[in-house]
Each structure stands twice: as structure tokens, then as C-alpha cells.
Amino acid sequence: MTHAHPGRRTWSFLLVLAAVLLTGTAGARAQRAPAAEAPTLPDAWRAAPAAAADGITAPMDAEQGPGDEYAPNRLVVRFQPSATDEDKRKLHARYKAKVVREIPVLGIQVLELPDDTVAMVSAYQAEAAVVFAEPDYIATIQGSPAADAAVLDAAAIAALANVARPATRPDGLAWTPNDPLLDQQWHHATIGSAAAWERNRGAGVVVAVNDTGADCTHPDLVGKCLRGYDFVNDDTDPRDDHGHGTHVSGLVAATANNAVGGLGSGPEAMVLPVKVLGAGGSGNMSWIAGGVTYAADNGAQIINMSLGGRFTSSALRDAIAYAIGRGVTVVAAAGNESTSNPSYPAAYPGVISVAATDRQDRLADFSNYGDALDVSSPGVAILSTVRGGSYQAWN
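Residues numbered from 1 in each chain as written. Predicted model: local features only at pLDDT ≥ 70, side-chain atom pairs only at ≥ 80, totals over all residues. Heavy atoms only, no water.

Considering the nonpolar core
Formally: To qualify as a nonpolar core, a set must consist of buried Ala, Val, Leu, Ile, Met, Phe, Trp, Tyr and Cys residues joined through side-chain atoms within 4.5 Å. When a residue's accessible area, from a 1.4 Å probe over protein chains only, is under 20% of the maximum for its type it is buried; when over 50% it is exposed; and in between it is partly exposed. The secondary structure listing takes helices from DSSP runs of H or I that are at least 4 residues long and strands from runs of E that are at least 2 residues long, numbered from the N terminus. The contact rule is simple, with two residues in contact once any of their heavy atoms fall within 4.5 Å.
Within the largest apolar cluster, 44 residues are counted, with the highest numbers of intra-cluster contacts made by Leu 272, Ile 288, Ile 303, Met 305 and Ile 320. Of all the elements in the fold, those that place two or more residues in this core are β3 (108–112), β4 (130–141), β5 (206–211), β7 (270–275), α8 (285–297), β9 (302–305), α9 (314–325) and β11 (329–333). In terms of residue count, α8 provides more of this core than any other element does, 8 residues in total. Not counting chain neighbours up to four residues away, the residues in contact with Ile 320 comprise Val 292, Met 305, Val 330, Pro 345, Tyr 348, Pro 349 and Val 351. Within the second largest apolar cluster, 15 residues are counted, among which are Leu 75, Ala 97, Leu 113 and Ala 123.

Notes on the sheet that holds β11
Keep this limit in mind: What makes two strands pair is DSSP finding at least two bridges between them. Note on geometry: axes are C-alpha line fits, over the in-contact stretch for helices, and angles between N-to-C directions span 0 to 180 degrees.
With respect to topology, 7 strands assemble into an open sheet ordered β6-β7-β5-β9-β11-β12-β13, the strand pairing being parallel. Both outer strands of the open sheet, β6 (229–230) and β13 (375–378), are each paired with one neighbouring strand and no more. The pairing of strand β12 (residues 352–357) with β13 spans 4 bridges and is classified as parallel. Within the sheet, the bridge partner assigned to Ala 355 lies in β13 and is Ser 376. Along the sheet, helix α7 (residues 244–253) makes contact with β5, β7 and β9, crossing β5 at roughly 160°.

Side note on unusual backbone geometry
With an omega of 25°, the peptide bond running from Tyr 344 to Pro 345 counts as cis. Mapped onto the secondary structure, Pro 345 falls in the loop between β11 and β12. Positive phi, normally seen in glycine, also occurs at Asp 361, with a value near 65°. Structurally, the position occupied by Asp 361 is in the loop between β12 and β13. On the basis of relative accessibility, which here comes to 54%, the residue Asp 361 falls in the exposed class.

Remarks on the packing of aromatic side chains
For clarity, the threshold we go by: Stacked, edge-to-face and tilted labels apply to pairs of Phe, Tyr and Trp rings (six-membered ring for Trp) whose centres lie within 6.5 Å, assigned for plane angles under 30 degrees, over 60, and everything in between, in that order.
A full pass over the atoms with the stated rule returns 7 aromatic pairs. Summarising the aromatic geometry, the rings of Tyr 137 and Phe 311 are spaced 5.0 Å apart at their centres and angled 5° between planes, so their arrangement reads as stacked. Of this pair, Tyr 137 sits in strand β4 while Phe 311 sits in the loop between β10 (307–308) and α9; the two residues are 174 residues apart in sequence, bridging distant segments of the chain. Taking relative accessible area as the criterion, Tyr 137 reaches 16% and is therefore assigned buried. An angle of 40° between the planes, with centres 5.9 Å apart, marks the rings of Tyr 229 and Tyr 294 as tilted. Placement of Tyr 229 in strand β6 and of Tyr 294 in helix α8 is noted, with a sequence separation of 65 residues between them. On the basis of relative accessible area, Tyr 294 is assigned to the buried category, the value being 17%.

With respect to the pattern of salt bridges
We apply this condition: In the sections that follow, a salt bridge refers to a side-chain nitrogen of Lys or Arg positioned within 4 Å of a carboxyl oxygen of Asp or Glu.
This structure, assessed with the given rule, holds 11 salt bridges. We note a salt bridge from Arg 74 to Glu 112, for which the minimum N-O separation is 3.4 Å. You can see Arg 74 sitting in strand β1 (residues 70–79) and its partner Glu 112 sitting in strand β3, a full 38 residues away along the chain. The partly exposed category is assigned to Glu 112, whose relative accessible area is 32%. A salt bridge links Glu 86 to Arg 89; the shortest N-O distance between them is 2.9 Å. Note that Glu 86 and Arg 89 are positioned in helix α2 (residues 85–95) at a spacing of 3 residues, about one turn of the helix. The structure contains a network of salt bridges with shared partners spanning Arg 78, Arg 317 and Asp 318.

Shown next as C-alpha cells:
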């Protein structure tokens, strides 16, 4: 299925990423402000090894699957700057609410409620000290293994490594990576990665992957991760317990020329893993909003969110505005529901919204479309890293 986008150019997201890596500029809707003072980067991080994985996604979380609109008994509240801590305590005491999370830079608190969330939205919203009150809506990953996609383990990749390759590139470019899966990563040829690599391979660039975490012990991601954060479990161990975040991390920055697996679009970039989705591939918008401000405050120049939901969140919108105000480029998946309806965060101002295309450069049959889109990217059967040191093609 294809869809025309009158008045819009169809670009590749990964080519846009290459442009960002090379020049530090973003697309037409990015609306970037001058960067704030550069934060100190987190330390390098390597988690305990992940168990071998078959690459298949886990079932959706029981309480946070696609059929759930918001987290039960949770309320997200942003207060006026003039509201004091005492004002907030009195308000929470009146409604028997408990603060369970905060996003301090935005004046946002996440509350646990004894009563129905929708009723409490109206109650808090009526208070003069409150900017907004909303349910903690749910977002999910935008991706899954391609149909019948085999998992390539170390033995399969070792066999490929013995295949003879030409000493020079037929396109005349000088750099010839020896990664054995490069020939199967069809997206690199489509977006012209080789030409970008001649100029720059992402050295010095930090890309926050706000997703299900990352398996930073994967052979193609060892040494490529900074210490991030897990907003699902509220700790400093953002390891991937699903698989999607590891796949995205490899697409961004898998090591090049190490005779292992494939390589990322920015193979010398660093990944800041920010876990905002749980083992079932879904998560609260408040986790995602917290992850965005965290990434912006911890050295990310690019934030990638291959996730989305159909309900808008003022907290996430404000978090993205905060990141863009600090000079961060924010990229998000347009959605995989084959609809022109907006998906959030992709539809927010300043976010580069990315649709998926196939090998024939046609819109993927599952991809969203419409006026909210900015760019398109290869998104069908894309081979990358999965947990446990393996590789698999995902949509």
C-alpha cells in the first residue's frame, strides 16, 4: 500500500540521522533552539550479560497492554511555579493522594490515587495551583520481528564471516567495513550510508534510545553505552528485558569493522539507554516524559523514541519542548496502525515524525501516514542486534 504526501518530500530517517551526525542540524519541523550549557556525560556502562534470546517479543504487560488507555489509579499533575510544597501537600491530603514520582524540572508530580482517575482529573484541574491534571496514558513499542525472521546466532554469523569479499568497493568509496551482516542490512544501501561514513561516523554524538532498555553486553554494543536510567523500575540499570530497545540501539550505533554482525548508521556514536517501557513493550507516559528530560539533561544530542500512543499527554508534550529548548533533536515513530490518525509523541511540535518504507521504497502496509509525517525510513525486515548476542530482522 502506498500513500502520496502532497507538498512533502519523502526522506529517509536514517539519512536524516546521518545528516544530524555530520552537521548537527535537524529537519524542517525540529525548531531547534541554541543548546544550553553542555552537561557532563554519564559514565560508560556494561550491564550483566543478558540471557540468550530468541528475538521474539514477550506478551504485553497484563496491566498495560494495547487495550488499556491509562495506568490505573495514577494521575499526572503539573503545578504552577508559584505553588509551594505546602500547597501541594495540603492538596494531596485533601484527595488522599500519594506522590510516587516527580519530574522536577517541569514541576510535575505523579500521584497514586484511592479513587477513580477520571474523577480526580476534574478535581485537581479545578485547583488554582494546577496547570494541568491528566491520566497517565499508555504508549507501546512500534516494532516487532518480521514474519519468519530467523535469529542469527554466533555460529551462523561466523559462517558468514568466512565468505570472501572484494578488496575494493564497486562504488569507488574507500571505507570497506568487514562486518559479515552488512550485505543483509539492505537499508544502508537505500539511504546511502557509505557516502555518509566517508565524512563522519558519528564520533562524539550521543543518541538517547528511550525504549525498553539495551543489552549493552551484546558484542556489537560493548563499549557503546553510557550509563542511563530505568524509569520503569526507578533504578540505574536500564538493561533490556524485552528486545526492542536493543534492536534500535544496534540500528543507531552497532560497532563497525569488528568482523562481528552488522553496523549502525552512526557506528562511532554512543548510546544513552533510557528504559521507559516494560518487559511487555508498554509504559506510562510519565515514564517517557521523565526519560526525555533525563536524556536532555545528560548529554543526549538526539532522542529516539520508536514508541507511541493514541492519547496525547501534556506531560510528554512539555518534556519534549524542554528537550528541544536545550538543543536536542527529537525523533519518533509515526505509528504502525496504518492510519492517518496522529500518534504521540510523533505528532508533537518539533518532533521529527518517521514513517516506514519497504525495499521498493513504498510506504509499508502497516505504517501510519498523513500530514503529520516529516520523513520516511526503511522499516521492513531491518536486521539488527537482539538480546543475548544474536541478530534478527524486525519491522
